[in-house]
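The lines below spell out each chain.
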Amino acid sequence: MKTAIKWLTLLVVPFLFMPVQASLPDFTRLVAENHKAVVNISTTKRVERRNFLPRGMDKIPDLENSPFGELFRRFFGEGGEMPEYQDSTSLGSGFIISSDGYILTNNHVVEGADEIVVRLHDRRELLAKVIGVDGRSDIALLKVSAESLPVVNIGTSSNLQVGAWVLAIGSPFGFEHSVTQGIVSAKGRSLPNENYVPFIQTDVAINPGNSGGPLFNLEGKVVGINSQIYSRTGGFMGLSFAIPIEVAMDVVEQLKSKGKVTRGWLGVIIQEVTRELAESFAMEAAHGALVARVLDNSPAAAAEIRVGDIITRFNGQRVSTSTDLPPLVGRIHVDEVAQVEVIRNGKKVQLKVKIGELPEQVQLADAKPKSSIKERNRLAIEVEEVDDKLRQELGLQQAGVLVQKVFKGPAAVSGIRSGDVIVMLDNKAINSVVDFDAIMKTLQKGRSISVLVQRHDGPIFLALKLAEK
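Residues numbered from 1 in each chain as written. Predicted model: local features only at pLDDT ≥ 70, side-chain atom pairs only at ≥ 80, totals over all residues. Heavy atoms only, no water.

Considerations on the overall build of the chain
Move 1: Within the chain, the secondary structure is distributed over 11 helices and 28 strands.
Move 2: In the chain, which comprises 469 residues, the proportion classed as buried is 45%.
Move 3: The long-range fraction of contacts in the chain, counting pairs at least 24 apart against all pairs at least 6 apart in sequence, stands at 61%.
Move 4: Counting every atom, the chain has about 25300 Å² of accessible surface; 51% of that belongs to carbon and sulfur. (Helix = DSSP H or I, 4+ residues; strand = E, 2+ residues; numbered from the N terminus. Buried < 20%, exposed > 50% of the residue type's maximum accessible area, 1.4 Å probe, protein only. Contact = heavy atoms within 4.5 Å. Areas by Shrake-Rupley, 256 points an atom, 1.4 Å probe, with all protein chains shown as cover.)

Structural notes on the pairing of strand β24 (residues 401-406)
Move 1: Sheet analysis places strand β23 (residues 381-385) next to β24, joined by 5 bridges and oriented antiparallel. In the sheet register, E384 faces β24, and the bridge partner there is L402.
Move 2: With 2 bridges joining them, β24 and strand β25 (residues 421-425) adopt antiparallel strand pairing. Paired with L402 across the bridge in β25 is V421. (Pairing = 2+ DSSP bridges.)

Digging into the pattern of salt bridges
Move 1: For the structure on display, the rule yields 10 salt bridges.
Move 2: R124 is the salt-bridge partner of D122, the closest N and O atoms lying 2.9 Å from each other.
Move 3: Put simply, R344 and D309 hold a salt bridge, and the shortest N to O gap is 2.7 Å. Here the residue R344 occupies a position in strand β19 (residues 337-344), and D309 occupies one in the loop between α7 (299-302) and β17 (310-314), the gap between them amounting to 35 residues. This pair shows no difference in class: R344 is buried, exactly as D309 is.
Move 4: Taken together, the salt bridges that share partners define one network made up of R119, R123, E125 and E176. (Salt bridge = Lys/Arg side-chain N within 4 Å of Asp/Glu carboxyl O.)

So, unusual backbone geometry
Move 1: In this model, A282 sits at a positive phi of 60°, which is unusual for a non-glycine residue.
Move 2: With respect to the helices and strands, A282 occurs in the loop between α6 (275-280) and β16 (289-294).
Move 3: If you check the backbone angles, A380 has positive phi at about 65° while not being a glycine.
Move 4: Relative to the helices and strands, A380 is located in the loop between β22 (374-376) and β23.

Some thoughts on empty space enclosed by the protein
Move 1: The full count for this structure, using the stated rule, is 2 cavities of 30 Å³ or more.
Move 2: Space inside the second largest cavity adds up to approximately 100 Å³.
Move 3: Y196, V247, D250, V251, Q254, V261, T262, R263, P327, G330 and R331 are the residues that line the second largest cavity.
Move 4: Mapped by element, the contributors of at least two residues to the lining of the second largest cavity are α5 (245-257) and α8 (325-330).
Move 5: The dominant element in the lining of the second largest cavity, judged by the number of residues it contributes, is α5, at 4 residues. (1 Å grid on protein atoms, 1.4 Å probe; cavity = no way out; pocket = protein on both sides within 12 Å on 5 of 7 lines; lining within 4 Å. Points joined across faces, edges and corners; volume = space filled by probe spheres on them.)

Description of the environment of D387
Move 1: Mapping D387 onto the fold places it in the loop between β23 and α9 (388-394).
Move 2: Here D387 falls in the partly exposed class, since its relative accessible area comes to 34%.
Move 3: Between the C-alpha atoms of D387 and A399, which are 12 residues apart in sequence, the distance is 7.4 Å.

Some remarks on the nonpolar core
Move 1: By size, the foremost hydrophobic cluster in this structure holds 29 residues, and its most contacted members are F95, I97 and L104.
Move 2: Secondary-structure elements contributing two or more residues to this core are α2 (28-34), β3 (102-106), β6 (139-144), β8 (165-170), β10 (194-202), β12 (221-229), β13 (240-244) and α5.
Move 3: At 6 residues, α5 tops the list of elements feeding residues into this core.
Move 4: Each residue touching L104, except ones within four places of it in the same chain, is listed here: G94, F95, I97, I139, A140, G212, I225, A248, M249 and V252. (Core = buried A, V, L, I, M, F, W, Y, C linked by side-chain atoms within 4.5 Å.)

What to know about the side chain of D138
Move 1: With respect to the helices, strands and loops of the structure, D138 is situated in the loop between β5 (125-134) and β6.
Move 2: Looking at D138, its side chain comes within polar contact range of the side chain of H108, at 2.7 Å.
Move 3: Look past the residues within four positions of D138 in its chain and what remains in contact with it is T105, N106, N107, H108, S227 and I243. (Polar contact = N/O pair within 3.5 Å; in protein donor to acceptor, adjacent residues only side chain to side chain.)

Let's talk about the side chain of S98
Move 1: Counting through the fold element by element, S98 comes out in the loop between β2 (81-96) and β3.
Move 2: Only 2.5 Å separates the side chain of S98 from the side chain of D100, close enough to count as a polar contact.

Regarding the packing of aromatic side chains
Move 1: In total, this model carries 3 aromatic pairs according to the counting rule given.
Move 2: Both rings, one in F27 and one in W165, keep their centres 6.1 Å apart while their planes meet at 65°; by these two values the pair is edge-to-face. With F27 in the loop between α1 (2-16) and α2 and W165 in strand β8, the pair connects residues that are 138 residues apart, well separated along the chain.
Move 3: Owing to a relative accessible area of 14%, F27 belongs among the buried residues under this scheme.
Move 4: Taken together, a centroid distance of 5.7 Å and an interplanar angle of 75° make the contact between F281 and F461 edge-to-face. With F281 in the loop between α6 and β16 and F461 in strand β28 (residues 458-465), this residue pair connects regions lying 180 residues apart in the sequence. For the pair shown, F281 and F461 are each scored as buried.
Move 5: Its guanidinium or amino end placed over the ring of Y102, K256 lies 4.1 Å from that ring's centre, counting from NZ or CZ. (Phe/Tyr/Trp six-rings, centres within 6.5 Å; stacked < 30°, edge-to-face > 60°. Lys NZ or Arg CZ within 6 Å of the ring centre and 35° of its normal.)

The structure is reproduced here in structure tokens:
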């Protein structure tokens, strides 16, 4: 009996410790309940095209009375050219957010369109008008004349976890109501020229035509708008980006109430804190947004935020990287007071800033450096004085020194180049070559030192280290 029990134990126990195979989610109910609120959007844009008469053909004397005269006029027009118009069409997706016909999609789906047609799940085709658009977030709000339309459930992306299952419904390449699934790959992604949208990155298969369609969580709620893909071929390569639904709905409310979208503005130019820069600022770990410039007459200037400050928290939210800051600021209402925590000279400083309105464009000064007195230094560079005219053109708060030549040495390794204007060294402001030389004498070998330089395209902090020998 004991032998039988022993053998039974040997057979059963291993099964108790075998890993349990997790089952994949079933999306059928989610699709059935939500696909009717997803629409196909087709746009038509009339593009002018001209046909030109071949060179010299209009100078043939007998063309007018030739048997071929009418033929040439038909194809090339009178006077050598004739305007023609051709319809350019495009396809996209969208979803209904209210039963009376409000529809969300991407701005790039409808931009410049002369006609927008929305096709519903029951094959009805309705003309849509644009209520408003926001280019910065790539959101467009449309309206069709209809009642009792099916609508999606709006969720939130704030509690969406990396690794969570998500599903997209759209019209890739015109194939309506196509369904694809995947997981959340990352959150808070910043893409070029779109710093005010913290994109959701997924591996959901998204292709041309999916733009503007909804991204659902497993609860059947919309958490984002599928907007962009990263591709070297034009097709899906495993990197898709969605606009968080909170951003989109904030845009909707502003477009409905004001007809335009406004965003909060701090008025700083920032950059990433690298490991070397963190060391130069006596930080234990690299994080936050490093202030490379404070714009004149900006909310940051009024709040006494300084160049060299590292913004680590904004309104209670942690700023892990520099890309975290613009979306946080952008969502604050104009004239609202925000709490800002910065690291200044190795210490935490709490500041209050009254948020302004983000201007259409923030222009940085552009200038070419001019010569003055040359001086070579320990960084293996030649520097010169900066005259008042150049200082005004660059918008500098202090004169700095102009880098004339860069030789092999610490400055070259750090990325300093000819034409840079060095305005801060080791967190100390520079107003002249004399200031620069004085600071140079105090620099310690083997320690990372921060250098703020002004370039034609803006300011940037660099980290350099003097050799031990």
